[in-house]
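Here's the letter readout for the chains.
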Amino acid sequence: MSTIHLHQTTTATPEQYLAGLTDFGPGRSKLFGNSADEYLKVHSRGPSQADVTEGSGGIWERLRYDWSDPNHVVLTTTDSNTWGGASSHTYTFKRRPDGLTDIDVDVIREGRNLKGKFLGIVLGTVGKGVLEKAFVNSVRAIEARNGAAGEKEWRH
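Just so we're clear, the structure is a prediction, and the values are computed from it rather than from any experiment.

Caption draft 1: Geometry of helix α1 (residues 14-21). The set of residues buried in α1 consists of Pro-14, Tyr-17, Leu-18, Gly-20 and Leu-21. Looking straight down α1, one finds its buried side chains confined to an arc of 160°; they lie on one side. On the buried face of α1, the contacting elements are β4 (59-66), β5 (72-80), β6 (88-95), β7 (101-109) and α3 (128-145).

Here's what the structure looks like:
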């Protein structure tokens with residue numbers, strides 16, 4: 001099992017990032033590169049939760065999104081062709097006095113099968129950069145979507 005911690009500081013508000021994170025419409029891959037439109041299926045959606053299948057490149061997972069606490073959003077893997085067990089993504093948003101937002105993400109990857117166990121090891125070692133790049137790209141895309149690009153402070 002691998003646990004990866006990511007951090008970014010952004011001009012986007014927690015509400016703006018949450019709106020992007022929970023936008024399951026066409027074009028989601030423009031915000032989240034690992035969520036290709038052809039994999040995207042919304043099974044159900046409520047005011048503070050969703051059940052969604054997404055993925056890309058032959059890897060998919062069904063996630064239970066819970067944003068009942070909009071400053072602490074949890075995505076729990078409920079089914080996948082690669083991930084199982086305790087796999088999840090947890091986003092924590094913190095407003096700063098200077099108007100920026102700190103976003104911390106903890107990604108837990110527990111392989112369901114040989115492929116998942118191998119990818120979990122890779123992500124936990126040399127693959128962290130791939131997840132970090134995807135996260136940075138999502139933050140930039142959400143800033144651009146909200147007209148906030150160009151006023152950012154990046155921290156890793």
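Caption draft 2: Up close: the packing of aromatic side chains. Under the defined criterion, the tally for this structure stands at six aromatic pairs. Geometrically, the ring pair formed by Tyr-17 and Tyr-91 is tilted, given 5.9 Å between the ring centres and 40° between the ring planes. Remark: Tyr-91 occurs in strand β6 and Tyr-17 occurs in helix α1; sequence separation between them is 74 residues. Each member of the pair, Tyr-17 as well as Tyr-91, is classed as buried. Ring geometry for Tyr-91 and Phe-93: centres 6.4 Å apart, planes at 15°, overall stacked. A relative accessible area of 5% means that Phe-93 is categorised as buried. Every member of this aromatic cluster is reached through a ring pair, and the members are Tyr-17, Phe-32, Tyr-91, Phe-93 and Phe-135.

Caption draft 3: Quick look at the nonpolar core. Of all hydrophobic cores here, the largest spans 29 residues; its most connected members are Tyr-17, Tyr-65, Val-73, Tyr-91, Ile-103 and Phe-135. The set of elements that each furnish at least two residues to this core consists of β1 (2-10), α1, β3 (49-56), β4, β5, β6, β7 and α3. For this core, the leading source of residues is α3, giving five residues.

Caption draft 4: Looking closely at the environment of Ser-56. Mapped onto the secondary structure, Ser-56 falls in strand β3. Each C-alpha atom of the pair Ser-56 and Glu-38 lies 8.2 Å from the other, and the pair is 18 residues apart in sequence. Those residues within four positions of Ser-56 in sequence are excluded, and the remaining contacts are Gly-33, Asn-34, Ala-36 and Tyr-39.

Caption draft 5: Highlighting the packing of α1 against α3. In contact at an axis separation of 10 Å, α1 and α3 are set at 110° when each is read in the N-to-C sense. Between α1 and α3, the angle is such that the two are roughly perpendicular. Across the interface between the two elements, Gln-16, Tyr-17, Ala-19 and Gly-20 from α1 touch Phe-135, Ser-138, Val-139, Ile-142 and Arg-145 from α3.

Caption draft 6: Local environment of the pattern of salt bridges. Under the counting rule described, the total for this entry stands at eight salt bridges. Linking Arg-62 and Asp-51 is a salt bridge whose minimum nitrogen-to-oxygen distance equals 2.5 Å. Of this pair, Arg-62 sits in strand β4 while Asp-51 is found in strand β3, placing the two residues eleven residues apart along the sequence. Residues Glu-61 and Arg-109 are paired through a salt bridge, measuring 2.7 Å at the closest nitrogen-oxygen approach.

Caption draft 7: Inspection of the sheet that holds β5 at higher detail. Taken together, seven strands build an open sheet; the order of strands is β1-β7-β6-β5-β4-β3-β2 and the sheet is antiparallel. In this open sheet, the two strands that pair with only one neighbour each are β1 and β2 (41-45). For this sheet, the mean inter-axis angle between neighbouring strands, taken without regard to orientation, is 20°. In the sheet, β6 pairs with β7 via eight bridges, with the strands oriented antiparallel. What sits directly across from Thr-90, in β7, is Asp-106. Helix-sheet contacts for α1 involve β4, β5, β6 and β7, and the interaxial angle to β6 is about 155°. Most of the contacts of α3 go to β1, to which it runs at about 30°, and overall it touches β1, β6 and β7.

Parameters and conventions
Residues numbered from 1 in each chain as written. Predicted model: local features only at pLDDT ≥ 70, side-chain atom pairs only at ≥ 80, totals over all residues. Heavy atoms only, no water. Buried < 20%, exposed > 50% of the residue type's maximum accessible area, 1.4 Å probe, protein only. Helix = DSSP H or I, 4+ residues; strand = E, 2+ residues; numbered from the N terminus. Arc of directions from axis to C-beta. Contact = heavy atoms within 4.5 Å. Phe/Tyr/Trp six-rings, centres within 6.5 Å; stacked < 30°, edge-to-face > 60°. Core = buried A, V, L, I, M, F, W, Y, C linked by side-chain atoms within 4.5 Å. Axes fitted to C-alpha atoms, helices over the stretch in contact; angles between N-to-C directions. Parallel < 35°, antiparallel > 145°, perpendicular 65-115°, else oblique. Salt bridge = Lys/Arg side-chain N within 4 Å of Asp/Glu carboxyl O. Pairing = 2+ DSSP bridges.

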